[in-house]
Amino acid sequence: MTEAEDKTAALLAALWLKNRPIVDERMAVLEGAAAAACTGSLAEAQRKEAQSAAHKLAGALGMYGYDEGTRIARKLEMLLDEAAPDATTLAGLIAELRNAVLSKG
Amino acid sequence: MRHILIIDDEDDIREVAALSLEATAGWEIVTANSGAAGILAAANPTRRPHAILMDVMMPGMDGPTTFRQMQLNPEIAGIPVLLLTAKVQGVDQRRFADLGVAGVLFKPFDPLTLAAQISAALGWKD
C-alpha cells in the first residue's frame, strides 16, 4: 500500500466505528420487520422501510471492506421486494447479517 | 486541483467518499445531502465542480431527476455527472446510460480506488 492508501485505510477504520450506530439503526429496522413477519403483521410500509434499510446496508458495508455483509444485505433487499416475504428466511438472513456485523466489531 | 461535488442523502456514504477522494487523490470535495442542495452547490460560480458524483436513490428528487434539472441550467449542464447506484441490473444501467450521464459507478465502492474509477470514467489522465 502507498502512504495515502495506508492513511485512507486507517481513516476508514475510524469511520466504521463512528458510523456503526447508523448500521445498528438499520439492523434494528430489519429486526423489527422480521418480528412483525413472524406474527403475520408485517405491514407494507414497514416492509418498504426494511427494504430501504437493506438497500443502504448493501451499499455501505462493502465500502468498509465487508463484502459478505453486502452480499447478505442484497439477498434481504430482494426478499423484501416480495409482498409477503417468507418469515423464516427473513429472520435467518437477518440473524446471519447481525452475526456477520458483530464479527467485524 | 480537481473539485468534485458529491450528492448523496446517506451521511456515511458522503463521508467515506469525500475522505477517499481527498486522501487518495488530493481532490477538493464539496458535499450535498439532496438533489436540490446539489443543484445549488453545482451552480456556485466561485466553486464550480469539475465533476459530480451523485446517488441514484434519494428521497424527494432522485438522481436521474436531479440530473435532468441540471441539464436545464446552461451554466451547469456541461459538468460531467457520474451516477452512484447499488442497483446492478442491466436494465438500470441502460436506463441511466440513456439519460446522458457521463457514467455509472456502483455501490459498494472501494474507497481506495474510487478516485481511479472516476478518472477512468471521465478520461482524466492526471
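It should be noted that the structure appears before, not after, this text.
Here the structure is a predicted model, which is why all the values come from computation and not from measurement. (Residues numbered from 1 in each chain as written. Chains lettered and ligands numbered in written order. Predicted model: local features only at pLDDT ≥ 70, side-chain atom pairs only at ≥ 80, totals over all residues.)

Chemist: Would you mind showing me how to read the overall build of chain A here?
Modeler: From N to C terminus, chain A includes 4 helices and 0 strands. Start at the N end of chain A and walk to the C end: the helices and strands fall as α-α-α-α. Projected onto the principal axes, the alpha-carbon positions of chain A cover approximately 55 × 20 × 20 Å. The 105 residues of chain A split such that 36% are buried. Within chain A, residue pairs in contact and separated by at least 24 positions form 51% of the contacts whose partners lie at least 6 positions apart. (Helix = DSSP H or I, 4+ residues; strand = E, 2+ residues; numbered from the N terminus. Buried ≥ 20, exposed ≤ 12 C-beta atoms within 10 Å, placed from the backbone. Contact = placed C-beta atoms within 7 Å.)

Chemist: How should the interface of chain A and chain B be read in this particular structure?
Modeler: Where interface size is given, it is often the accessible area lost as the parts come together that is meant. Contacts between the two partners involve 18 residues from chain A, matched on the other side by 15 residues from chain B. Taken together, the elements giving at least two residues each to the side of chain A that touches chain B come down to helix H1 (3-38) and helix H2 (44-61) of chain A. The element best represented in the side of chain A that touches chain B is H1(A), accounting for 9 residues. Considered class by class, the residues forming the side of chain A that touches chain B number 9 nonpolar, 6 polar and 3 charged. (Nonpolar A, V, L, I, M, F, W, Y, C, P; charged D, E, K, R; others polar.)

Chemist: Can you walk me through the nonpolar core in this structure?
Modeler: One recurring pattern in soluble globular proteins is that nonpolar side chains are buried together. Leu30(A), Ala54(A), Leu57(A), Ala73(A), Leu76(A), Ile52(B) and Leu53(B) are the most contacted members of the largest nonpolar core, which totals 56 residues. A per-element tally of this core places H2(A) first, with 7 residues. The contact partners of Ala54(A), leaving out residues within four places of it in the chain, are Leu30(A), Ala73(A), Leu76(A), Glu77(A) and Leu80(A). (Core = buried A, V, L, I, M, F, W, Y, C linked by C-beta atoms within 7 Å.)

Chemist: Can you help me understand H2(A) in this one?
Modeler: Along an α-helix, residues three or four positions apart point the same way, because every turn accommodates 3.6 residues. Over its 18 residues, H2(A) runs 25 Å from end to end, which matches the ideal 26 Å to within 8%, given 1.5 Å per residue. Within H2(A) the residues assigned to the buried category are Arg47(A), Ala50(A), Gln51(A), Ala53(A), Ala54(A), His55(A), Lys56(A), Leu57(A), Ala58(A), Gly59(A), Ala60(A) and Leu61(A). In the core, the buried residues of H2(A) are packed alongside H1 and helix H3 (67-79) of chain A together with helix H1 (11-25) of chain B. (Expected span 1.5 Å × (residues − 1).)

Chemist: Which parts of the structure should I look at to understand helix H3 (residues 63-71) of chain B?
Modeler: Residue and element names in this part refer to chain B. Every buried residue belonging to H3 is among Gly63, Thr66, Phe67 and Met70, and all of these are buried. Viewed along the axis of H3, the buried residues span an arc of 100°, placing them on a single side of the element. Away from its buried face, by an angle of more than 90 degrees, H3 presents the exposed residues Thr65 and Arg68. (Arc of directions from axis to C-beta.)

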